[in-house]
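# Chains, contacts and geometry: an overview
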Amino acid sequence: MAKELQDLFVETLKDIYYAEKQILRALPKMAREAQTPELKKAFETHREETEGHVDRLQDIFEQLGKPARGKTCDAILGIIDEGKEVMEEFKGAPALDAGLTAAAQAVEHYEISRYGTLKTWAQQLGMQDIAKLLDQTLQEEIRTDQLLTKLSLASVNKKAA
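None of the values given here were measured: they were computed from a predicted structure. Residue positions are given per chain, counting from 1 as you read along its sequence in written order. It should be noted that, the model being predicted, local features are given only for residues of pLDDT at least 70 and side-chain atom pairs only at 80 or more, the latter also being counted only at that level, while totals for whole chains, interfaces and linings use all residues. Side-chain measures here rest on the full set of heavy atoms in the structure, leaving out hydrogens and waters.

## Brief notes about the layout of surface pockets
Stated formally: Points on a 1 Å grid over protein atoms alone make up a cavity when a 1.4 Å probe fits among them but cannot get out, and a pocket when they form an open set with protein on both sides within 12 Å along at least five of seven lines; lining residues each have an atom within 4 Å of a point. Grid points are joined across faces, edges and corners, and a volume is the space filled by probe spheres set on the points. Each helix corresponds to a stretch of at least 4 residues labelled H or I by DSSP, and each strand to a stretch of at least 2 residues labelled E; elements are numbered beginning at the N terminus. Charged means Asp, Glu, Lys or Arg here, nonpolar means Ala, Val, Leu, Ile, Met, Phe, Trp, Tyr, Cys or Pro, and polar covers whatever is left, Gly included.
In this structure, the largest pocket spans a volume of roughly 320 Å³. Around the largest pocket sit 23 residues that line it, and Q22, A26, L27, M30 and I80 are the ones nearest its centre. Broken down by secondary-structure element, the contributors of at least two residues to the lining of the largest pocket are α1 (5-33), α2 (37-64), α3 (74-89), α4 (96-124) and α5 (128-160). Per-class residue counts for the lining of the largest pocket are 14 nonpolar, four polar and five charged.

Here is the structure:
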């Protein structure tokens, strides 16, 4: 049986679904460890957004008539592990928030890549409603990345220097 774009689309949806669930588990710890109130708030806000991302993905699986099930995503596990290392190695240090911000941006860049790809594939497969849902999440991920950049430039990196 030939694998087609539709199959790849569903497999990639499973990947990002798993990733979002892992991110949901990591964000509260990152928020607790963050030293600056702005970064703490950014992590808490993004956790709420991520719950919405999971809900949207569940809606997409439902529209496709597929169970909302993730598949292990080694990429996101590696990125999250890097963040855990930063939290352990820099706990209480001036550079902690800079490291947390960098780890969070690595997560965002992974998600932006995945959601951008999924949106394009959905459009190519004629799934305009699903493409709109994916674009909604993509735009939220881009805004979060921009906020993290702003926090880095405004305060987090200066405190670490």
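Let us keep going from here.
## Focus on the packing of α1 against α4
Inclusion rule: Axis angles are defined between N-to-C directions and span 0 to 180 degrees, where every axis is a line fitted to C-alpha atoms and, for a helix, only to the segment in contact. When an angle is under 35 degrees it counts as roughly parallel; over 145 it counts as roughly antiparallel; between 65 and 115 it counts as roughly perpendicular; any other value is oblique. Helix crossings get a hand from a simple test, with the near helix turned counterclockwise from the far one by less than a right angle marking a left-handed crossing and a clockwise turn marking a right-handed one.
Packing of α1 against α4 leaves a shortest axis separation of 10 Å and a crossing angle of 160 degrees. Here α4 runs roughly antiparallel to α1, going by the angle between their axes. Crossing geometry of α1 relative to α4 is assigned as left-handed. Split by residue class, the contact of α1 with α4 holds 17 nonpolar, two polar and six charged.

## Some remarks on the pattern of salt bridges
Defined as follows: Each reported salt bridge corresponds to a side-chain nitrogen of Lys or Arg within 4 Å of a carboxyl oxygen of Asp or Glu. Classification of residues uses two cut-offs on accessible area relative to the type maximum, computed with a 1.4 Å probe and protein chains only: under 20% is buried, over 50% is exposed, and between them is partly exposed.
The tally for this structure, following the rule as stated, stands at nine salt bridges. A salt bridge links K71 to E11, with the shortest nitrogen-to-oxygen separation between them at 3.3 Å. Of this pair, K71 sits in the loop between α2 and α3 while E11 sits in helix α1, and the two are 60 residues apart along the sequence. Judged by relative accessible area, which is 34%, K71 ranks as partly exposed. With relative accessibility at 29%, the residue E11 sits in the partly exposed group. R56 is paired through a salt bridge with E140; the nearest N and O atoms lie 3.0 Å apart. Highlighted residues: R56 in helix α2 and E140 in helix α5, separated in sequence by 84 residues. In this pair, the class of R56 matches that of E140, namely buried.

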